[in-house]
Amino acid sequence: MEKTLLILGEHETDDLNKNIKRLQKTSRKINLSYMTMSYEQLFKDDKRNTPAHNLKVMFFFPYKFWDENCEIPGDTSVYGTSKESYNKFKQFWQDVKGTLEKKFPDKDISYVINPDYAALDRDKIETNNLLRKKGVSTTNVLQKNLKEIIELSKEKGIFIKARYGALGKGISYLSPKGWFTNYKVGNKNNIENYPNVGKWEFSNITGNKEFIGKLLELEVIVEEEVKSPQLNPGKKFDIRVYSLYGNVPHMFIRENIESKIITNFSQGGQVNHQYYKTLPKKTIDLASSVALKASEAFNSNFMGVDVIFDKDLKNPKVLEVQTFTGFPKIHYCNLTKLLAHEIKRRD
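Source: prediction; values computed, not measured. (Residues numbered from 1 in each chain as written. Predicted model: local features only at pLDDT ≥ 70, side-chain atom pairs only at ≥ 80, totals over all residues. Heavy atoms only, no water.)

A. Looking closely at the overall build of the chain. Helices and strands together make up the secondary structure of the chain, namely 9 helices and 17 strands. Radius of gyration (C-alpha) of the chain: 21 Å, near the 20 Å computed for a compact globule of 347 residues. Principal-axis analysis of the C-alpha atoms gives the chain an extent of 65 × 50 × 35 Å. By the burial criterion, 53% of the 347 residues in the chain qualify as buried. Within the chain, one finds 55 positive and 43 negative side-chain charges whose respective centroids are separated by 4 Å. (Helix = DSSP H or I, 4+ residues; strand = E, 2+ residues; numbered from the N terminus. Rg over C-alpha atoms; globule rule 2.2 N^0.38 Å. Buried < 20%, exposed > 50% of the residue type's maximum accessible area, 1.4 Å probe, protein only. Lys, Arg positive; Asp, Glu negative; His and termini not counted. Charge placed at Lys NZ, Arg CZ, Asp CG, Glu CD.)

B. Quick peek at the pairing of strand 17 (residues 316-322). The pairing of strand 16 (residues 302-309) with strand 17 spans 6 bridges and is antiparallel. Each residue of the ladder has a partner; that of Asp306, found in strand 17, is Glu320. Connecting the antiparallel pair strand 16 and strand 17 is a turn made up of 6 residues, with Leu313 showing a positive phi of about 60 degrees. (Pairing = 2+ DSSP bridges.)

C. Layout of the sheet that holds strand 2 (residues 34-37). The sheet built from 4 strands is open, its strands ordered 2-1-3-4 with parallel pairing. Each end of this open sheet is capped by a strand with a single partner; those strands are strand 2 and strand 4 (108-111). Strand-to-strand twist in this sheet, taken as the mean axis angle between neighbours without regard to direction, amounts to 25 degrees. Judged from the 4 bridges that link them, strand 3 (residues 54-59) and strand 4 form a sheet pairing that is parallel. Across the sheet, residue Asn54 finds its bridge partner in strand 4, namely Asp108. With respect to the sheet, helix 9 (residues 335-345) is in contact with strand 1 (3-8) and strand 3, its orientation differing from that of strand 1 by roughly 140 degrees. (Axes fitted to C-alpha atoms, helices over the stretch in contact; angles between N-to-C directions. Contact = heavy atoms within 4.5 Å.)

D. Structural detail: a positive patch on the surface. Judged by side-chain charge, Lys25, Arg28, Lys29 and Lys337 come together as a positively charged surface patch. Tallying contributions element by element places helix 1 (residues 14-29) first for the positive patch, with 3 residues. By secondary structure assignment, the location of Lys25 is in helix 1. We classify Lys25 as partly exposed; its relative accessible area is 46%. (Patch = residues over 30% accessible without salt bridge, like charges linked within 9 Å, V, L, I, M, F, W, Y side chains within 5 Å. Areas by Shrake-Rupley, 256 points an atom, 1.4 Å probe, with all protein chains shown as cover. Salt bridge = Lys/Arg side-chain N within 4 Å of Asp/Glu carboxyl O.)

E. Representation of the packing of aromatic side chains within the structure. If you walk through the whole model with that rule in mind, you get 24 aromatic pairs. When the ring of Tyr194 is compared with that of Trp200, the centres are 5.8 Å apart and the planes differ by 70 degrees; the resulting orientation is edge-to-face. Relative accessible area serves as the criterion here: at 2%, Trp200 is assigned to the buried category. For the cation-ring pair, Arg122 lies above Trp66, with the distance from its terminal atom to the ring centre recorded as 4.2 Å. (Phe/Tyr/Trp six-rings, centres within 6.5 Å; stacked < 30°, edge-to-face > 60°. Lys NZ or Arg CZ within 6 Å of the ring centre and 35° of its normal.)

F. Looking closely at unusual backbone geometry. Positioned with a positive phi, Lys188 is a non-glycine residue whose angle comes to about 60 degrees. Mapped onto the fold, Lys188 is located in the loop between strand 9 (184-185) and strand 10 (191-192). For Lys188, a relative accessible area of 71% corresponds to the exposed category. Despite not being glycine, Asn189 has its phi angle at roughly 60 degrees, a positive value. Within the secondary structure layout, Asn189 lies in the loop between strand 9 and strand 10.

G. Representation of helix 5 (residues 124-133) within the structure. Of the residues making up helix 5, those classed as buried are Lys124, Thr127, Asn128, Leu130 and Leu131. Down the axis of helix 5, the sector holding all buried residues measures 165 degrees, keeping them to one side. In this structure Asp123 caps helix 5, since a side-chain oxygen of it lies 3.1 Å from the backbone nitrogen of Ile125. Taken from the residues just after helix 5, Gly135 is the one with a positive phi, measuring 80 degrees. (Arc of directions from axis to C-beta. Polar contact = N/O pair within 3.5 Å; in protein donor to acceptor, adjacent residues only side chain to side chain.)

H. Seen up close, the pairing of strand 8 (residues 178-181). Here strand 8 shows a buried face lined by Gly178 and Phe180 and a second buried face lined by Trp179 and Thr181. Bridge analysis of strand 7 (residues 171-175) against strand 8 gives 4 bridges, and the strand direction is antiparallel. Looking at strand 8, one finds that Leu174 is bridged to Trp179. The hairpin formed by strand 7 and strand 8 contains 2 residues between the paired strands. One ladder, built from 2 bridges, connects strand 8 with strand 11 (residues 203-204); its direction is antiparallel. Residue pairing across strands places Phe180 opposite Asn204, the latter belonging to strand 11.

I. Main features of the sheet that holds strand 14 (residues 247-257). Pairing is antiparallel across the open sheet formed by 5 strands, whose spatial order is 15-14-13-16-17. The outermost strands of the open sheet, each flanked by one partner alone, are strand 15 (270-272) and strand 17. Strand-to-strand twist of the sheet, defined as the mean angle between neighbouring strand axes without regard to direction, takes the value 30 degrees.

J. Inspection of the pattern of salt bridges at higher detail. What the rule picks out here adds up to 20 salt bridges. For Lys161, the salt bridge goes to Glu223, with nearest N and O atoms at 3.0 Å. Taken together, the residues Lys161 in strand 6 (residues 158-162) and Glu223 in strand 12 (residues 220-224) connect sequence positions 62 residues apart. No difference in accessibility class separates Lys161 from Glu223, as the two residues are buried. For Lys236, the salt bridge goes to Glu225, with nearest N and O atoms at 3.3 Å. You can see Lys236 sitting in strand 13 (residues 235-244) and its partner Glu225 sitting in the loop between strand 12 and strand 13, a full 11 residues away along the chain. Connected through shared salt-bridge partners, Asp123, Glu126, Arg163 and Glu219 make up one network.

Function cannot be read off these values alone, since they describe shape.
Now the structure itself:
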């Protein structure tokens, strides 16, 4: 049966549209009919049509909408703690879904990324709840009790993360070695933001109960640290696993020195795409299995899943899911090519 791939995204700069271009290129090579629209074009009244009955939709992240409506919230000045901004993002995807159904009323529409779940990974608490409900192992979430958190941090690491944050921003960490945050500490211990992604570095706030108390009054999630074994001395690691239509085409290891707190690239994390040379096959299989379960919980055919292991490499836990995951360089894994082929071969 004939099908058309509808690519929805924003492509003002080469950095944002390179994967859209690659998907277009592969589609042409394999004779997969496609058309490309921005979200702004989608919401306009102009009619689009295709003779194909089946319309397969691939979303790319709506940067313009996010930057204009969500990145700097109106109801709170603290990054990643705005429920209002999250609700706007959630409604955006319902508007996209509804507009597609109105614009293409005679088509059988299916999605690579389910719009009903497209915003959910931005809510760390609801993500954790959904995964647990579906039987996916995750981190242990704690109550926002200042006294209990401080006492527990004398024995183990505790993360306090912005509930709606991303890119390694809005994270605080309490442990026997000290307390740290990558929020900016302002006058009177007020919680402030840094102006860009690259400057969100951790600073020492050991003993600053007032700052932590203010943080706990906001929309945050409190999690016990999972202590993973070290693949290399002095470094912590986790794994980004790609899920694509029920398979794992690729994964990579993220490592960082312990003093950097987290493994995110924005915090200096290093990436190793030759995971098969470093990780035991059993570990790879376990990481793949839990990632696929997480993807199934989100009804998604394509996503990134961050997985961490406990000290014996036997019990994988999902740290976070990435509905709009970054793509690896194509010499490691050409995900856009694999994606196009998967779309073409499916009814």
